[in-house]
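An overview of the molecular structure
Each chain, written out:
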Amino acid sequence: MNVVTTDVLVIGGGLAGLRVAIGARRRGHAALILSLVPPKRSHSVAAQGGMQASLANVFKGEGDNEDVHFEDTVRGSDWGADQEVARMFVHTAPKAVRELAAWGVPWSRVRAGPHEVIINDEKIVLTESEAKHGLVAQRDFGGTKKWRTCYVSDGTGHAMLYTVSDRAIAESIPVHERKEALALIHDGARCYGAVVRDLVTGELSAYLAKATCVATGGAGRLYRVTTNAVINMGQGAGLALETGIATLGNMEAVQFHPTGIFPAGILVTEGCRGDGGLLKDVDGHRFMPDYEPEKRELASRDVVSRRMEEHIRKGKGVKSRFGDHLWLDITLLGRHHIEHNLREVHEICKYFLGIDPAEKWIPVRPAQHYTMGGIRTLPTGQSPVLRGLFAAGEAACWDMHGFNRLGGNSVAETVVAGMIVGEFIGDFCDKPENKLDAPLSLAGQFLDAERAKLAQLMDGNGWEDPNRLRVEMQELMTSHVGIFRDAAHLEEAVRRLQGLIARARHVRVGTRAPGANPELVIAYRMPLILKVAACVAAGALARTESRGAHFREDHPRRDDVNWLKRTLARWPAADALLPELTYEPLDVRKMELPPGWRGYGARDYLDHPDTAARQAEVERLRAQHAGDRFALQEALMPFKHLLPEQYRGRNERVDEPLRGKVAA
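Residues numbered from 1 in each chain as written. Predicted model: local features only at pLDDT ≥ 70, side-chain atom pairs only at ≥ 80, totals over all residues. Heavy atoms only, no water.

1. What about the packing of aromatic side chains?
The condition that has to hold: Paired rings are identified among Phe, Tyr and Trp, the last through its six-membered ring, by centres lying within 6.5 Å, and are further divided according to the angle between planes into stacked (under 30 degrees), edge-to-face (over 60) and tilted (the rest). Numbering of helices and strands starts at the N terminus; helices are DSSP runs of H or I of at least 4 residues and strands are runs of E of at least 2. For the exposure calls, accessible area comes from a 1.4 Å probe over protein chains only, and a residue counts as buried if that area is under 20% of its type's maximum, exposed if over 50%, partly exposed in between. Two limits define a charge over a ring: the Lys NZ or Arg CZ must be within 6 Å of the ring centre, and within 35 degrees of the ring normal.
Going through the model one piece at a time under the given rule, you end up with six aromatic pairs. Residues Phe-484 and Phe-551 carry aromatic rings whose centres are separated by 5.8 Å and whose planes lie at 85° to one another, so their mutual orientation is edge-to-face. Within this pair, whereas Phe-484 is found in the loop between helix H13 (466–480) and helix H14 (487–503), its partner Phe-551 is found in the loop between helix H15 (518–542) and strand E20 (558–559), the two being separated by 67 residues in sequence. Exposure remark for Phe-484: the relative accessible area of 14% places this residue in the buried category. Ring centres 5.4 Å apart and planes at 75° place the aromatic pair Trp-563 and Tyr-583 in the edge-to-face group. Taken together, the residues span a long stretch of sequence, with Trp-563 in helix H16 (residues 560–563) and Tyr-583 in strand E22 (residues 580–585) at a distance of 20 residues. A relative accessible area of 10% places Trp-563 in the buried class. Geometry around Phe-70 places Arg-87 over its ring, the cationic atom sitting 4.7 Å from the centre. Its guanidinium or amino end placed over the ring of Phe-630, Arg-650 lies 3.8 Å from that ring's centre, counting from NZ or CZ.

What follows is the structure, encoded as structure tokens:
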């Protein structure tokens, strides 16, 4: 039996996984990373637009701070977020940006003096002060009151991933590449690691650890058209589901990005619209002000995606042999801006569409982009029901995004959650009671079980084609569990997914190679992935309201009376065809920002019975602590005790300097 031991096993080599491993390693614990691909090819590299942090470094960001970022995040989530986690996040984000700068991320920088920008189709001159010259620059993104998205041209994820990966190398953290976790090793109460398959040789090994962190990214490939990489199939969520113990949270919350290039779905950054790009229809008409006169193209992503699809339904889409699409016009930004600030967009359009976006409009249509749900965790990143199992990044339901994520908050979450969860993993590993004491017999049982599954696939008499199952699932999820949802389509999706799950137990593998074998890989992934898809569809069917990216045409109102709660999904038994759904209420009485109007469309929602009383209490505290935002925040919802001690200090800004030592 091949056994590898370490203190911390991180499954996933993207930004979140790398930063978790660095945090654990700096606490003196041995950390090891498993990755399907070399880390610098992880999907984090595709993030284009930027990372939100309330630095207030630019003219249009003046007055920004953690309070404003927090309110934007909670409103963006449609009050589905864990507000304590959102506070932890917005407080730590500026520290993360500055840490990354120290490590070598070449952030775009502020230049003092006048410069021309385009806002609402008008050229405007903004003047940056000398005091801010050389600071990290920030751009506009959807759903925010201030310009706070830090960026590296439009290659932010690339710059961040390469820098953090190099830092992991400097910390001597081993990365076992082209390895895939097949199952989590656990005894029903504690997770001890994973059974891992070498994708090149086919060899199975048991990786045993004090703490295991899943950081495998999202589940975009549940859908036919997605901005996600081909490796983003929701495997991490599937691993947790297969335990029968760990739960997934809010899997029905699936975000579609407004501007995937049509028909491929490759991402065109929100930075295009943040920098002044416009959405236009078949007539060349700029239509977003007709729907959202205040925020227009920079409304929240779920809102823009729905408005685009509504406009296409009205017959205003551009016809093509692949279907209807709309236009993104960035020609008004000028060639110099496009070739310097939107270089990746320029290259994507050139190589995948054969057009020059400085001269021609870009065909776009919403594409699946982000999974707000994931493995349910506590603010520490640990599963509340399976000790020793942690999750971070898009694979986790931490839960700072609720039912809709703001642009720039995800790439920020990877490093911020990595910083915070890495420290809590260090705390976990420091405790004597969490020593690595898994019996080898337990590892042997899980190894034998996975060997038996693979042998059955290779030598069995199955008849189902796993790739056909994958295509059927993707078509079903796209057509029935997409931007617009209703009971009839969701019921059919749930019924057909049950059939696909049953069929996945009889897949065949034509290629019998024990090592590199893509057919075998998709065959053993499909049962897990279909279960994740069933959690999305079942959760969406059960939730009879509209909240954030979950939009029910037959229940268009947000219902805080019945649905201000988080969906939890658990797989009850190996032979089950559907998840077991339970719910975790959100406590309005503890919210710093009680539920209210998001700022889009009609004020049409049902108030929670505790909202009025909590709002009155909030107003009383605001009057009592007027003029001291730090005292007010502490009175409304204390959160700093949840943070690792080194991240509790205040953040400095040009207009909010630190004078002397600031108490935590």
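Picking up where we left off.
2. Describing empty space enclosed by the protein
Put simply, the test is: In this analysis a 1.4 Å probe is tested at points of a 1 Å grid over the protein atoms alone, and where it fits but cannot get out there is a cavity; an open set with protein on both sides within 12 Å along at least five of seven lines is a pocket; lining residues have an atom within 4 Å of a point. Grid points are joined across faces, edges and corners, and a volume is the space filled by probe spheres set on the points. Gly counts as polar in this scheme, as do all residues outside two lists: the nonpolar Ala, Val, Leu, Ile, Met, Phe, Trp, Tyr, Cys and Pro, and the charged Asp, Glu, Lys and Arg.
Within the structure shown, the criterion is met by three cavities of 30 Å³ or more. In this structure, the largest cavity encloses a volume near 760 Å³. Taken together, 50 residues make up the lining of the largest cavity; nearest its centre are His-43, Ser-44, Gly-217, Asn-232 and Glu-394. Elements with a contribution of two residues or more to the lining of the largest cavity: helix H1 (15–26), strand E2 (31–35), strand E9 (179–186), helix H5 (235–242), strand E16 (362–371) and helix H11 (409–430). Tallied by class, the residues present in the lining of the largest cavity amount to 18 nonpolar, 25 polar and seven charged.

3. Examining the sheet that holds strand E13 (residues 254–261)
The cut-off we apply is this: Two strands make a pair as long as DSSP finds a minimum of two bridges between them. Where helices are involved, their axes are fitted lines through C-alpha atoms of the stretch in contact, as for all axes, and angles between N-to-C directions lie from 0 to 180°.
What the four strands build is an open sheet, ordered E13-E16-E15-E14; its pairing is antiparallel. One side of each edge strand has no neighbouring strand; the edge strands of this open sheet are E13 and strand E14 (278–280). Here the strands of the sheet are splayed against their neighbours by 45° on average, with no regard to which way each runs. Two strands pair when backbone bridges link them, and E13 and E16 are joined in this way by six bridges, in the antiparallel orientation. Its bridge partner being in E16, Phe-256 is matched across the sheet by Gln-368.

4. Focus: the side chain of Glu-171
Inclusion rule: Contacts are assigned to residue pairs that have any heavy atoms within 4.5 Å of one another.
Summarising the element assignment, Glu-171 is placed in the loop between helix H4 (156–170) and strand E8 (175–177). When sequence neighbours within four positions are dropped, the list of residues in contact with Glu-171 reads Ile-22, Arg-25 and Arg-26.

5. Concerning the pattern of salt bridges
So the rule is basically this: Salt bridge, as used here, is a side-chain nitrogen of Lys or Arg placed within 4 Å of a carboxyl oxygen of Asp or Glu.
A complete count under the given rule lists 60 salt bridges for this structure. For Glu-617, the salt bridge goes to Arg-614, with nearest N and O atoms at 3.2 Å. Here Glu-617 pairs with Arg-614, and both are found in helix H17 (residues 611–624), just three residues apart, close to one helical turn. Three or more residues joined by partner-sharing salt bridges are found here, namely Glu-66, Asp-67, Arg-87, Glu-592, Arg-629, Arg-653 and Glu-656.

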